[in-house]
Amino acid sequence: MSYLRFDRTVMLNLEESLPREVLRTNKSGAYHCTTIVDCNTRKYHGLLVVPIPELGDDNHVLLSSLDETVIQHGAEFNLALHEYNGGHFSPNGHKYIREFDCEKIPATIYRVGGVILKKEKIFVRHEQRILIRYTLLDAHSKTTIRFKPFLAFRKVTTCTHENDAINKHYDEVKCGIKTSLYPGYPELYMQLSKQGNFIFTPDWYRNFEFRKERERGHDYSEDLYVPGYFEIPMAKGECVVFSAGLSETEPTDLKQLFDQEIAARTPRDSFEHCLKNSAQQFYNKQGNRSYIVAGYPWYNKQRARDLFVSLPGLTLTTDHRDWFEKVMDTAQDKVSAFMTTQGGDEGQLKDLGDSDVLLWIIWALQEYAKATSLLDCKNKYGSFIFDIIKYIKSHKHPNLFLHANGLLYTNGKNKPVTWMNAVVEGKPVTPRSGYVVEINALWYNALRFVESIYEMDSTSVVPPALKELITAIEHSFASTFLNKYGYLYDYVDGSHVDWSVRPNMILAVGLDYSPLDKKQMKSVLDIVTKELLTPKGLRSLSPKSMGYNPIYIGSIRDRGYAYHQGTAWPWLMGFYTQAYLKLHKRSGVSFIERQLIGFESEMSNNCIGSLSELYDGNPPFKGRGAISFAMNTAEILRVLKILSNYYLE
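In this report, the structure presented in the accompanying data block is examined. (Residues numbered from 1 in each chain as written. Predicted model: local features only at pLDDT ≥ 70, side-chain atom pairs only at ≥ 80, totals over all residues. Heavy atoms only, no water.)

1. Brief notes about the overall build of the protein
Across its full length, the protein carries 18 helices and 37 strands. In summary, the protein has a C-alpha radius of gyration of 26 Å against a globular reference of 26 Å for 649 residues, a match within 12%. Dimensions of the protein, computed from C-alpha atoms along their principal axes, come out at roughly 85 × 50 × 45 Å. Taken over 649 residues, the protein has a buried fraction of 62%. Of the roughly 24100 Å² of accessible surface on the protein, 49% is carried by carbon and sulfur atoms. (Helix = DSSP H or I, 4+ residues; strand = E, 2+ residues; numbered from the N terminus. Rg over C-alpha atoms; globule rule 2.2 N^0.38 Å. Buried < 20%, exposed > 50% of the residue type's maximum accessible area, 1.4 Å probe, protein only. Areas by Shrake-Rupley, 256 points an atom, 1.4 Å probe, with all protein chains shown as cover.)

This is the structure we're talking about:
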């Protein structure tokens, strides 16, 4: 039995199948995403979605979908499924599906009378090309397969409509055609592994609907252009490969290419393997530069905080030290330039000036040291780490101010400065300003990590100023943040303290170095466990706190007010796990193992094999936001790694 297999009963029930999505990427910015019944429910969905830098930062949907029709004895059976205006579905091809399997690659088996057809999809690594292999498993008479491409040629953020600006011209290439609908777009090559017929019958199909966009309050209706269709005869046991890409390929090589790509895939036959496969999809290599994509389908930009929080879990836990180094080396150039220009152009690394980002970099490098060695980390990144600390201490950061008590102050009243960055009508929903709890927990941890680098060498001396700064924080952290109820204020700004019970305080316990004593740590952990822990991560706000709003639905405004006001976030489980095991040691392992059950159940929901961006804070804890989120995948992988270290003891 496959770990990710859905039988006919699930596929026939659209209430069950349409919410389940599948995502595949090429590790270079392009992706394929749709539902398990191949019915697009988002404008971000498509068979071939690619970045086109010449047209801006957004990805672009070129090939929206491909209809397959089985033809026998003159009778046509269309296997596709689309939703049109008014919730009307046509042509209802899902009724022919017998099963869907996603253990290695997405594979659908259709049965039409005596015809059994298998469809498998795979993305070519680091190439803007998707391959679809069709295998005629059984047929009792002459069979022809028709392929009808639906073209969009638009940004993922918009919908296209019938227009006169379209270029309907196409050119024949080996076993297929190439076409480009609008100026500035590249040619799309559609080819088959053997010669067939292309019949040019240009037409617009109108009023497709994207139900997920309708739910989110966005434009949800579009028209798609069909240039014609391919027809190809197939014999029992024969397979044909369809290719859609931005360059011409050799048709006779397509079958071999497909087999090569399959051989390179790790089966999704367990919870851990699903997450490791998902982790690889966030890796993005552009020439000699490497990045981490924050999430799919809409977080295609390189967001600094997401990158550094995700980096250890996505690379080091999957035995890809080389990926960590490539991404960090790419980022280091941007960070060094940022510090040199006193907070100037961030380039491709967005939000680099946010107040916590430099501290997350040091945390990521601390994880690198644990996975390799402190000496390796010092030799490769020691100067970088010292430069960051010096930059902050020298008051050069545009929004981090070191005070005499050793704590860092930041202004977040008018612009979000931490991961709680929701904005409504230009104003932060959670205006965290002053001494922010996790920023100062990260700061203390960073300084102690630097201290450990000095101490590893018997010939070096820890600078007295560093010792004094660490001591100052140890004296001021608890007195500033710890309240009489035993938990930490979320932020303190002068005489104003924020009493909200939020998960950010868990970092003060879960990081390797904590400014709290054991009794204080236990008190914080107990309150987080009691008020914030859910089967899908930690709530962003306690149900007992003012403003609790745990359901992430409705308009853009409504969702903005709910984003960090009670929704649950899986990525925080990495620090919760460290905190729990720090205090409970081996006796806490079984408790953390039970917490993972809620995440494993998500492997067959939403984006199968991955984790959503956030979850409702109340039962049934439904997944919301981006369908696949790097920080969540990374930190749950890190939880698994932490547990595995206990198993080895």
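2. Observations concerning the sheet that holds strand β31 (residues 496-497)
Remark on secondary structure: sheet strands pair via backbone hydrogen bonds, oriented parallel or antiparallel. Taken in spatial order, the three strands make up an open sheet running β29-β30-β31, and their pairing is antiparallel. With one partner strand each, in any of the chains shown, β29 (435-436) and β31 form the two edges of the open sheet. As paired strands, β29 and strand β30 (residues 491-493) are joined by two bridges and run antiparallel to one another. When the bridges of β30 are listed, Tyr435 appears paired with Val492. (Pairing = 2+ DSSP bridges.)

3. What about helix α4 (residues 254-263)?
Of all the positions in α4, only Leu254, Leu257, Phe258, Glu261 and Ile262 are classed as buried. Buried residues of α4, viewed axially, fall in a sector of 135°; they line one side. Looking at the buried positions of α4, the neighbouring elements they touch are β11 (115-123), β12 (129-138), β16 (188-192) and β19 (239-245). (Arc of directions from axis to C-beta. Contact = heavy atoms within 4.5 Å.)

4. Things to note about empty space enclosed by the protein
In the structure shown here, the tally under the stated rule is three cavities of 30 Å³ or more. Empty space within the largest cavity amounts to approximately 160 Å³. Looking at the largest cavity, it is lined by 22 residues, and the ones nearest its centre are Asp38, Leu47, Ser65, Leu66 and Lys119. When contributions to the lining of the largest cavity are tallied by element, the ones reaching two or more residues are β3 (31-35), β4 (46-51), β5 (59-72), β11 and β12. Per-element tally for the lining of the largest cavity: the top contributor is β5, with five residues. A class-by-class count of the residues in the lining of the largest cavity yields ten nonpolar, seven polar and five charged. What the second largest cavity holds in volume is close to 90 Å³. Around the second largest cavity, the lining residues are Asp38, Cys39, Asn40, Ser64, Ser65, Leu81, His82, Glu83, Phe208, Glu209, Phe210 and Leu224. Going through the elements one at a time, β5, β7 (82-84) and β17 (197-209) are the ones with two or more residues in the lining of the second largest cavity. Its residues placed into classes, the lining of the second largest cavity shows five nonpolar, four polar and three charged. (1 Å grid on protein atoms, 1.4 Å probe; cavity = no way out; pocket = protein on both sides within 12 Å on 5 of 7 lines; lining within 4 Å. Points joined across faces, edges and corners; volume = space filled by probe spheres on them. Nonpolar A, V, L, I, M, F, W, Y, C, P; charged D, E, K, R; others polar.)

5. Some words on the packing of aromatic side chains
Per the counting criterion, the structure on display carries 39 aromatic pairs. Measuring from centroid to centroid gives 5.8 Å for Phe150 and Phe208, while their planes differ by 85°, and the two rings are edge-to-face. Residue Phe150 is found in strand β13 (residues 143-155), and its partner Phe208 is found in strand β17; the two are separated by 58 residues along the sequence. The exposure classification of Phe150 matches that of Phe208, with both residues buried. Clustering of aromatic rings is evident, with ring pairs tying together Tyr299, Trp360, Trp363, Trp419, Tyr552, Tyr563, Trp569, Trp571, Phe575 and Phe629. Positioned above the aromatic ring of Trp298, the side-chain terminus of Arg216 is 4.3 Å from the ring centre. A cation over a ring is seen here: Arg303 above Tyr299, with NZ or CZ 4.1 Å from the ring centre. (Phe/Tyr/Trp six-rings, centres within 6.5 Å; stacked < 30°, edge-to-face > 60°. Lys NZ or Arg CZ within 6 Å of the ring centre and 35° of its normal.)

6. Points about the packing of helix α13 (residues 518-531) against helix α15 (residues 573-584)
Contact geometry for α13 and α15: axes closest at 10 Å, N-to-C directions at 130°. Classified by the angle between their axes, α13 and α15 sit oblique to one another. Of the two elements, α13 crosses α15, and the hand of that crossing is left-handed. Between α13 and α15, the contacting residues are Lys518, Met521, Lys522, Leu525, Val528 and Thr529 on the first element and Tyr576, Ala579, Tyr580, Lys582, Leu583 and His584 on the second. In the contact of α13 with α15, the residues fall into seven nonpolar, two polar and three charged. (Axes fitted to C-alpha atoms, helices over the stretch in contact; angles between N-to-C directions. Parallel < 35°, antiparallel > 145°, perpendicular 65-115°, else oblique. Left-handed = near helix turned anticlockwise from the far one by under 90°.)

7. Some details on helix α11 (residues 464-481)
For α11, built from 18 residues, the straight-helix expectation of 26 Å at 1.5 Å per residue is met to within 8% by its first-to-last C-alpha distance of 26 Å. Maximum bend of α11: about 25°, positioned at His475. (Expected span 1.5 Å × (residues − 1). Bend = angle between axes of the 7 residues up to and from the residue.)

8. Section: the nonpolar core
Phe242, Phe308, Met328, Trp443, Phe477 and Tyr576 are the most contacted members of the largest nonpolar core, which has 207 residues in total. Ignoring anything within four residues of it in the chain, the contact list for Trp443 reads Leu359, Ile389, Ile392, Lys393, Leu402, Gly406, Leu408, Leu469 and Ile473. Of all hydrophobic cores here, the second largest spans nine residues; its members include Ile105, Val241, Leu257 and Phe258. (Core = buried A, V, L, I, M, F, W, Y, C linked by side-chain atoms within 4.5 Å.)

9. Description of the layout of surface pockets
Of the voids in this model, the largest pocket is the one considered here, and its volume is about 650 Å³. Around the largest pocket sit 30 residues that line it, and Lys212, Glu215, Lys622, Gly623 and Arg624 are the ones nearest its centre. Of all the secondary-structure elements, those providing two or more residues to the lining of the largest pocket are α2 (14-17), α3 (211-216) and β36 (623-624). For the lining of the largest pocket, the element with the highest residue contribution is α3, accounting for four residues. Taken as a whole, the second largest pocket encloses approximately 490 Å³ of empty space. For the second largest pocket, the lining is made up of 23 residues, of which Tyr299, Ala422, Tyr552, Tyr563 and Glu613 are closest to its centre.

10. A short note on the pattern of salt bridges
For the structure on display, the rule yields 46 salt bridges. For the salt bridge of Arg448 with Glu474, the shortest nitrogen-to-oxygen distance reads 4.0 Å. Placement of the pair is Arg448 in helix α10 (residues 437-455) and Glu474 in helix α11, with a sequence separation of 26 residues. Of the charged contacts, one joins Lys467 and Glu455 as a salt bridge, the two residues approaching to 4.0 Å between their closest N and O atoms. Of this pair, Lys467 sits in helix α11 while Glu455 sits in helix α10; the two residues are twelve residues apart in sequence, bridging distant segments of the chain. (Salt bridge = Lys/Arg side-chain N within 4 Å of Asp/Glu carboxyl O.)

11. Points about the packing of helix α8 (residues 357-371) against helix α9 (residues 374-393)
Between α8 and α9, the least distance of the axes is 10 Å, while the angle of their chain directions is 165°. Accordingly, the angle class assigned to the pair α8 and α9 is roughly antiparallel. Crossing angle aside, the handedness with which α8 passes α9 is left-handed. Residues Leu358, Leu359, Ile361, Ile362, Leu365, Tyr368 and Ala369 of α8 lie in contact with α9, whose contacting residues are Leu374, Asp376, Cys377, Lys380, Tyr381, Phe384, Ile385, Ile388, Ile389, Tyr391 and Ile392. Split into classes, the residues belonging to the contact of α8 with α9 amount to 16 nonpolar, no polar and two charged.

12. Some points on unusual backbone geometry
Residue Pro91 is reached from Ser90 by a cis peptide bond, and omega for that bond is 5°. Within the element layout of this structure, Pro91 appears in the loop between β8 (88-90) and β9 (97-101). Of note, the bond from Tyr296 into Pro297 is cis; its omega dihedral lies within 30 degrees of zero at 5°. Positive phi is not limited to glycine here, since Lys585 has a value of about 55°.

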